[in-house]
Amino acid sequence: MSLLPVSILTGFLGSGKTTLLRHLLGQPELSDTAVIVNEFGEVGLDHMLVADSEEKIVELNSGCLCCTVRWDLVTTLDELYAKREAGSIPAFSRVVIETTGLADPAPVLHTLMNDPKLAARFRLDSVITVVDGVNGLATLDRHEEAVKQAAVADRLVITKGDLPEAEVDTLESRLGQLNPGAARLRAIMGEVPADALFGAGFYALEERGEDVRRWLREEAYQDAAGHDHAEHAHAHDGSQAHAHDVNRHDDHIRAFSIVREEPVSGARFSLFLELLVANRGPDILRVKGIVNIAEKPDKPAVIHGVQHLFHPVAWMDSWPDADRSTRLVFITRDVSRDWVEKLLDALTGEREETDPVLQAGDRRE
Ligand SMILES: Nc1nc2c(ncn2[C@@H]2O[C@H](COP(=O)(O)OP(=O)(O)OP(=O)(O)O)[C@@H](O)[C@H]2O)c(=O)[nH]1
């Protein structure tokens, strides 16, 4: 039985999520999509949306086609699935969850990644984050949730480029520093091709092993690495820690990759992840990786974590190409590449002389 893909549509208040969704649902590729709207008190626009595309939206509570869902994701998805099985609603083949603009998307991701009941039926596809082309820069400055929404994205959609006050280029480059691996798209009144937004997920990757490089986009993190280095150069010579406004939330965000040529022992790598999470879990916004585990050299392990929770490790059947190096990409809040590298090397044996316990407890940047 194939698992049904679930995408999360997030983005700050008024950024254009509903407009995007309305446009997407008009496209044939998404004609069999169930939409879960996690909204409180903003019924008007979403009612319109439902009315527009009635036959294409399966709504959730008690069979009603136009209701706002109070939040219990597991129950909601479960009931939705049961109705689909019973034939009381159309056999949708994809779910999109639109989160409320103020939400931290991590709990939704955690639920989808780790709830065993959901895992038997659904798979996490893409996290799509909508960023307002006019207000986006200010929102990133002011609201940490907005930064987190951008940091966990697989796809970033910048809206409102048609308005004269839009600052789309500046915003795009800032988002590129924040989350270099996410594809960036521009949408005017929600216009974006559906296939650019979906099929980005972890499981799609298991099904199509050759796409692992595309999923990881590790080279994008290397391109962005200059940013991280520049910060350290400033901090270490005692000068102003940063050229930007120090209050900007995304100046605390680091995006970097780590590459190791030598295979690592499975137990040691697990310990690395455990210590990473135990020490800095809330600040590890997203980790993805393809890992060469010494005990299974022919089958790369694929890891994927959001804050303190990791998706169960997936083993791919084979390496996508001749490159068998371990490649990890991180988006963190105030956790430096150097610190993560020291922890990794201490635990996986490349620096045997280093005391792993000391390293793990050392939080200084
Ligand atoms: N000019 C312009 N307006 C847009 C664009 N995208 C969205 N809007 C407008 O921006 C406003 C907010 O858009 P919504 O789609 O409701 O945003 P949302 O993220 O769903 O909003 P909340 O549900 O309140 O968080 C609406 O008036 C839209 O018509 C765009 O690309 N250009």
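Calculation criteria
- Residues numbered from 1 in each chain as written.
- Predicted model: local features only at pLDDT ≥ 70, side-chain atom pairs only at ≥ 80, totals over all residues.
- UniProt positions renumbered as here; feature names shortened; annotations may be inferred.
- Helix = DSSP H or I, 4+ residues; strand = E, 2+ residues; numbered from the N terminus.
- Buried ≥ 20, exposed ≤ 12 C-beta atoms within 10 Å, placed from the backbone.
- Contact = placed C-beta atoms within 7 Å.
- Domains from an automatic or database assignment.
- Nonpolar A, V, L, I, M, F, W, Y, C, P; charged D, E, K, R; others polar.
- Arc of directions from axis to C-beta.
- Expected span 1.5 Å × (residues − 1).
- Core = buried A, V, L, I, M, F, W, Y, C linked by C-beta atoms within 7 Å.
- Axes fitted to C-alpha atoms, helices over the stretch in contact; angles between N-to-C directions.
- Left-handed = near helix turned anticlockwise from the far one by under 90°.

As annotated in an unreviewed UniProt entry, the protein carries the name CobW family GTP-binding protein and comes from Fodinicurvata halophila. Under the Function (unreviewed entry) heading, UniProt states for the protein: "Zinc chaperone that directly transfers zinc cofactor to target proteins, thereby activating them. Zinc is transferred from the CXCC motif in the GTPase domain to the zinc binding site in target proteins in a process requiring GTP hydrolysis." The Catalytic activity (unreviewed entry) field of the UniProt record for the protein holds the comment "GTP + H2O = GDP + phosphate + H(+)".

*Asks:* What should I look at first to understand the overall build of the protein in this one?
*Replies:* Looking only at helices and strands, the protein has 15 helices and twelve strands in total. Burial analysis of the protein (365 residues in total) assigns 40% to the buried set. Of the contacts made within the protein by residues no fewer than 6 positions apart, 77% connect residues no fewer than 24 positions apart.

*Asks:* Can you help me understand the domain arrangement of the protein in this one?
*Replies:* The parts lose accessible area when they come together, and the size of an interface is often stated as this lost area. Structurally, the protein comprises domain 1 (4-200) and domain 2 (220-361). Each partner contributes to the interface: domain 1 provides 19 residues, whereas domain 2 provides 18 residues. Going through the elements one at a time, α4 (106-114), α6 (136-142), α7 (144-151) and α8 (168-178) are the ones with two or more residues in the side of domain 1 that touches domain 2. Among the elements that take part in the side of domain 1 that touches domain 2, α4 stands out by supplying five residues, more than any other. In terms of residue class, the side of domain 1 that touches domain 2 is made up of nine nonpolar, six polar and four charged.

*Asks:* Help me out: how do you make sense of the UniProt feature "domain: CobW C-terminal" (unreviewed entry) in the protein in this one?
*Replies:* Per the UniProt record, the feature "domain: CobW C-terminal" (unreviewed entry) sits at residues 253-348. Measuring from the first to the last C-alpha atom of residues 253-348 gives 26 Å, for a span that is 28% helix and 35% strand.

*Asks:* Looking at this model, I keep getting lost on α4. Mind explaining?
*Replies:* For the α-helix, the turn length of 3.6 residues means that residues three or four positions removed from each other point alike. Along α4, the residues that are buried comprise Ala106, Val108, Leu109 and Leu112. Along the axis of α4, the buried positions cluster into a sector of 160 degrees, meaning they face one direction only.

*Asks:* How do you make sense of unusual backbone geometry when you look at a structure like this?
*Replies:* If a residue is not glycine, its phi is most likely negative; likewise, a peptide bond is most likely trans. Here the phi dihedral of Lys160 falls at roughly 65 degrees; this positive angle occurs in a residue that is not glycine. Relative to the elements of secondary structure, Lys160 occurs in the loop between β5 (155-159) and α8. A positive phi angle, close to 60 degrees, is found at Asp334, a residue other than glycine. In this fold, Asp334 is placed in the loop between β12 (326-333) and α14 (337-348). Residue classification places Asp334 among the partly exposed residues on the basis of 13 C-beta atoms within 10 Å.

*Asks:* Honestly, helix α3 (residues 73-86) in this entry has me stumped. Any pointers?
*Replies:* Taking 1.5 Å per residue, 14 residues should reach 20 Å; α3 reaches 20 Å between its end C-alpha atoms and fits that length. Those residues of α3 that sit buried are Leu73, Leu77, Leu80 and Tyr81. Along the long axis of α3, the arc covered by the buried residues comes to 95 degrees, so they all point the same way. The exposed set on the far side of α3, more than 90 degrees from its buried face, consists of Ala82 and Ala86. Here the buried face of α3 lies against β2 (33-37), α4, α5 (116-119) and β4 (122-132).

*Asks:* I keep staring at the environment of Val157 and nothing clicks. Help me out?
*Replies:* By the secondary structure assignment, Val157 is in strand β5. With 146 residues separating them along the chain, Val157 and Gly11 place their C-alpha atoms 9.1 Å apart. Those residues in contact with Val157 that sit more than four places away from it in its chain are Leu20, Ile128, Val130, Val131, Leu185, Ala187 and Val192.

*Asks:* Even after reading the chapter, I still don't get the nonpolar core, so can you show me in this structure?
*Replies:* Side chains of a nonpolar character, in soluble globular proteins, are inclined to be buried together. One finds Val95, Leu109, Ala150 and Val157 to be the most contacted residues of the largest nonpolar core, which totals 82 residues. Sequence-distant contacts of Leu109, defined by excluding residues within four places in its chain, comprise Ile8, Leu124, Val127, Val152 and Val306.

*Asks:* What's the story with the packing of helix α13 (residues 266-280) against α14 in this structure? I'm lost.
*Replies:* Helix packing for two helices is described by the angle between their axes and how far apart those axes are. Relative to each other, α13 and α14 sit at 145 degrees, their axes nearing to 9 Å. Between α13 and α14 the crossing geometry is right-handed. Across from Arg268, Phe269, Leu271, Phe272, Leu275 and Leu276 in α13, the residues of α14 making contact are Val340, Leu343, Leu344, Leu347 and Thr348.

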